[in-house]
Structures are given as C-alpha cells and as structure tokens.
Amino acid sequence: MEQEKTDQLEQSAIKEAEQAEDSRALYEVKMRFLGRMGSVIQLMKKMRDLPPEERPEFGKKVNALRERLERAFERIELALKMRELAERLKTENVDVTMPGRKRASGALHPVTVVKNQLVDIFAGMGFEIYEGPEIESEYYNFTALNTPADHPARDMQDTFYLNDSFLLRTQTSAGQIRVMENKKPPIKVLSPGRVFRSDDDATHSPMFHQMEGLVVDKGVTLCDLRGMLDEFARTMFSETSKTRLRPSYFPFTEPSVEVDVSCAACGGDGCALCKGTGWIEVLGAGMVHANVLKNCGVDPEEYSGFAFGMGVERIAMLKYGINNIKLLTENDVRFLEQFRG
C-alpha cells in the first residue's frame, strides 16, 4: 500500500512538472513536492505512525523517491530553460551588419577648462594652490585687506551677510591673508574658488569663480608683476598677446593697476569685441599694501609683494567670445557641446 502511494506521488509530481509552462511554474511545482512543507516531507512524517520494525524500510523508500524527483526536476528544468532560450533568441535577433549606436561623450564645462588652464599656467611658475573657506569672517574678507569700515564694498547691497560677523566671501583674497598668517615669506600662492556678490547683469553673476595670486619676498617689484602677466597672457590667449597696466585703486594694493590684454580677435587693430580700442580689461592687480603686510605679521620694510585677481568666467568669455555670462550657468547642452574637445 505504501509503495502505491509513493508511486502515485512520483507520477503526479513528474506529470505536473512536465506541464509547467515556464521556470516560475516549475519552481512552484517543485516546492509543492520537495519544499519544507511539500508532499515528500509530509510523507516522511507518517513514518512515526508505523511500527518500529517497518520504519527503516519506509525511510529508504521515501529518500529514494526524493532523489528520483530531484533528478527528474533537474532534467525537466534544463529542458525548459533550453526551450525558453530558443524562444527568446527567435524574438531577439541581432543584425550584426547594422551600424552601432553612437553614444555622445561628456566634456568639461568651459569654466572648468579655463580654471584648469589657469592653475596649470601659474603652477608652472611655481605657485602653490590654496583654497580657503567660502564662508568668511568680516575680518578676513575686509578688515585684514585694509578695507575701511565705511567702504561701499561692505554694504548690504553688495555683500551676502549671514550675520553681523560672517558672510559669503566676496573675493578669494581672504585666502591670501590666511596663508600669510601661517607661512613666512617667500610666499607664492594661487587661491581659486567661488565668490558671491549681489550683482546680476549680462557680465556679472551673484556667484562666480575667482582666482587670486600672491607673491611676497624680498625685492619684489611691479616689473616682476608685469613680466608674470605677460607670460600669462601669451599662454592663455596667444603668443602675440601683450599687456598694459592702467592706474587704479584697490584698498589692499598700492600702487594698484587694471590690466588689459591686447585683443586676440583683431590683434590690437580694433573690433567689436574690444569696442575698437584693441585692448580688453582682464584683471586687477598691484603691490600689496603695507598695512596688509603688517596685519599678517610681515615686515613691509623687509618684504614686498604683488597680488592679482581675475574672474574665471570673464577669462572664459574673452577666450571663447561669449557675450553673456548667463550662458555659462544655464546648462544648455546646445551651448556646452561647442566646447567638447
């Protein structure tokens, strides 16, 4: 009688397995017969109702049944998977003669490209790189840079104040103060980073990137600044680029100068880009003010230095002929694709 039950169970399991339409259905059949709560396990539990002398023989029969079912399920599963694969290949034919799909590669943003170029240029001249915090105290952003308390740059309409003492830095020059406080001359440092000003038009943005440079040593002169800027212009724009210095005013430098570069578009002859002058203003610079050196514990009688600062977006606009700074922040793919190398 028990033999008939095991035979019927085996035949029923194999029949249901062979009728399974897919791997999922076959798995469910297998669990129904061989799972933890399956029919074979339930059959094994009946062994406790048998006389002790019949139990070993019954256990052997049930174990043999389980092994036969496992082999049968493996055979059926392999055949089912081969059938499914054949059907899938019929519907997933690949024409190897068709051209491949071209996937466009990304590229660096023009501001990032120019920033990297500037860092490479000045690092090649021996400058170290220092990136200061974007949230600065009023002391580092203004006071230590010889900016009077009544200077217009401190006004609320020009500066993003967080409270009475802290603000979003308006210039990366603050990083130069931190460097001079912690390092004795000679100093040669470049400080790139984001800055923030309450200003917004075709050539200005509330957030932009700036790059400040500082050199402090014995015997540093304005001629050293001019020579370094000439090398910068020739490397960034063209071999024929020239620079000129115009008197200006900045609280942290004396004397102060505005620096122009000969127009690369017309070679200095005059065009729409340079408004017919042959020159384009690119940055501000000057000799570090004695008060700034004193604020950092540097003796102005022994040391001198020069500093310069430029907007990375402005350099990018001049280099690539971009007429509106907002194009650099709108993330229009059609615009950015023009700068893929």
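Above this text sits the structure in question.
The rules behind the values
Residues numbered from 1 in each chain as written. Predicted model: local features only at pLDDT ≥ 70, side-chain atom pairs only at ≥ 80, totals over all residues. Heavy atoms only, no water. Helix = DSSP H or I, 4+ residues; strand = E, 2+ residues; numbered from the N terminus. Contact = heavy atoms within 4.5 Å. Polar contact = N/O pair within 3.5 Å; in protein donor to acceptor, adjacent residues only side chain to side chain. Phe/Tyr/Trp six-rings, centres within 6.5 Å; stacked < 30°, edge-to-face > 60°. Buried < 20%, exposed > 50% of the residue type's maximum accessible area, 1.4 Å probe, protein only. Axes fitted to C-alpha atoms, helices over the stretch in contact; angles between N-to-C directions. Parallel < 35°, antiparallel > 145°, perpendicular 65-115°, else oblique. Left-handed = near helix turned anticlockwise from the far one by under 90°. Nonpolar A, V, L, I, M, F, W, Y, C, P; charged D, E, K, R; others polar.

### Focus: the environment of R244
Okay, so step 1: When you line up the elements, R244 lands in strand β6 (residues 243–250).
Okay, so step 2: Residues R244 and Y320, spaced 76 residues apart in sequence, show a C-alpha to C-alpha distance of 21 Å.
Okay, so step 3: Ignoring any residue separated from it by four or fewer positions in sequence, one finds R244 in contact with R226, E258, V259, D260 and W279.
Okay, so step 4: Polar side-chain contacts of R244 include one of 2.8 Å to the side chain of D260.

### Some points on the packing of aromatic side chains
Geometry of an aromatic ring pair is reported as the spacing of the ring centres plus the angle between the planes.
Okay, so step 1: The tally for this structure, following the rule as stated, stands at 9 aromatic pairs.
Okay, so step 2: Seen from their ring centres, Y139 and Y140 are 5.2 Å apart, and the 80° between their planes marks the pair as edge-to-face.
Okay, so step 3: You can call Y140 buried: its relative accessible area is 16%.
Okay, so step 4: Judged by centre distance (6.2 Å) and plane angle (75°), the rings of F232 and F237 are edge-to-face.
Okay, so step 5: Classification of F232 by relative accessible area gives buried; the value is 1%.

### Examining the packing of helix α5 (residues 110–123) against helix α8 (residues 222–236)
Okay, so step 1: Contact pair α5 / α8: the axes reach a minimum separation of 11 Å and the direction vectors enclose 135°. With respect to α8, the axis of α5 lies oblique. Crossing handedness for the pair α5 and α8: right-handed. Taking contact as the criterion, the partners of V114, Q117, L118, I121 and F122 in α5 are, on α8, M228, F232, T235 and M236.
Okay, so step 2: Looking at the contact of α5 with α8, its residues break down into 7 nonpolar, 2 polar and no charged.

### A look at the environment of L167
Okay, so step 1: By secondary structure assignment, the location of L167 is in strand β3 (residues 166–168).
Okay, so step 2: Residue L167 is classed as buried on the basis of its relative accessible area, which comes to 0%.

### A few points about the environment of R83
Okay, so step 1: Topologically, R83 is positioned in helix α4 (residues 55–91).
Okay, so step 2: On the basis of relative accessibility, which here comes to 40%, the residue R83 falls in the partly exposed class.
Okay, so step 3: Each C-alpha atom of the pair R83 and D22 lies 9.3 Å from the other, and the pair is 61 residues apart in sequence.
Okay, so step 4: What R83 contacts, discounting residues up to four positions off in sequence, is A20 and E21.

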